[in-house]
Every structure is written in C-alpha cells, then in structure tokens.
Amino acid sequence: MPYYVFKITQPNPMIKNLDLKQACEAYPEARELARSLRAQQEPGDKAIVKIVFAASQLEAEENLHETREKPILMEWEK
C-alpha cells in the first residue's frame, strides 16, 4: 500500500481542501517529501502537510475527512 502526501487547507471548521502532492511507495520517501513541503511554506501559511497510509487515494481522503472525538481527560491529566 502506498503512502499519500496531502497538503490540507481549512478555510473554516466544516470544510477541508485536500491537495494530493504525491503517492510514494516507501515511507522514507514520503517523509522527506513532507519535510521539504513544510520547509517551503511561508511563515503565515496555515496549511498542514500530512502523510496517510492507505490502500487507495479515496480511502486516504476519507480518513482525512473523518472527525475524531477528543480523548477523555482524567482528573490527574488536567
């Protein structure tokens, strides 16, 4: 399964714009691409670069659109 590198912009909390940069066969290649994309960003750029491991591009996009619940904090973790 390939690794997909996405640049994510979120103009508002309800919308995520996913821009596929490249699909890589090996993790080190994907990691280096993500690091170089992050280094090229302007200081005020709020875009996020993420690596997703998935069977297809569609599955990767679905995983990125999925909203996760916040973890429950225990009393001693506050």
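Above this text is the structure in question.
Fair warning: this is a prediction, and the values are worked out from it, not measured in the lab.

Trainee: How should the layout of surface pockets be read in this particular structure?
Mentor: One water molecule sets the probe size; rolling that probe over the atoms shows where empty space is left. Here the largest pocket is characterised by a volume of approximately 310 Å³. As for the largest pocket, its lining consists of 13 residues, of which Lys16, Leu64, His65, Glu66 and Thr67 are closest to the centre. Among the elements of the structure, β1 (3-12), β2 (15-24) and α2 (57-65) are those that each provide at least two residues to the lining of the largest pocket. In terms of residue count, α2 provides more of the lining of the largest pocket than any other element does, three residues in total. Per-class residue counts for the lining of the largest pocket are five nonpolar, four polar and four charged.

Trainee: What exactly am I supposed to notice about the packing of aromatic side chains here?
Mentor: Geometry of an aromatic ring pair is reported as the spacing of the ring centres plus the angle between the planes. Per the stated rule, a full pass over the model turns up two aromatic pairs. Seen in terms of ring centroids, Tyr3 and Phe53 are 4.7 Å apart; in terms of plane orientation they differ by 40°. Their pairing is tilted. Here the residue Tyr3 occupies a position in strand β1, and Phe53 occupies one in strand β3 (residues 48-53), the gap between them amounting to 50 residues. Under the relative-accessibility criterion, Tyr3 is labelled buried at 18%.

Trainee: Please clarify how the pattern of salt bridges should be interpreted in this entry.
Mentor: If charged atoms from side chains of opposite charge come close, those side chains can pair. This model, assessed by the stated rule, comprises four salt bridges. Between Arg31 and Glu32 there is a salt bridge, and its shortest N-O distance comes to 3.9 Å. We classify Arg31 as partly exposed; its relative accessible area is 28%. For Glu32, a relative accessible area of 44% corresponds to the partly exposed category. It is possible to trace a salt-bridge network through shared partners that takes in Arg31, Glu32 and Arg35.

Rules behind the numbers
Residues numbered from 1 in each chain as written. Predicted model: local features only at pLDDT ≥ 70, side-chain atom pairs only at ≥ 80, totals over all residues. Heavy atoms only, no water. 1 Å grid on protein atoms, 1.4 Å probe; cavity = no way out; pocket = protein on both sides within 12 Å on 5 of 7 lines; lining within 4 Å. Points joined across faces, edges and corners; volume = space filled by probe spheres on them. Helix = DSSP H or I, 4+ residues; strand = E, 2+ residues; numbered from the N terminus. Nonpolar A, V, L, I, M, F, W, Y, C, P; charged D, E, K, R; others polar. Phe/Tyr/Trp six-rings, centres within 6.5 Å; stacked < 30°, edge-to-face > 60°. Buried < 20%, exposed > 50% of the residue type's maximum accessible area, 1.4 Å probe, protein only. Salt bridge = Lys/Arg side-chain N within 4 Å of Asp/Glu carboxyl O.

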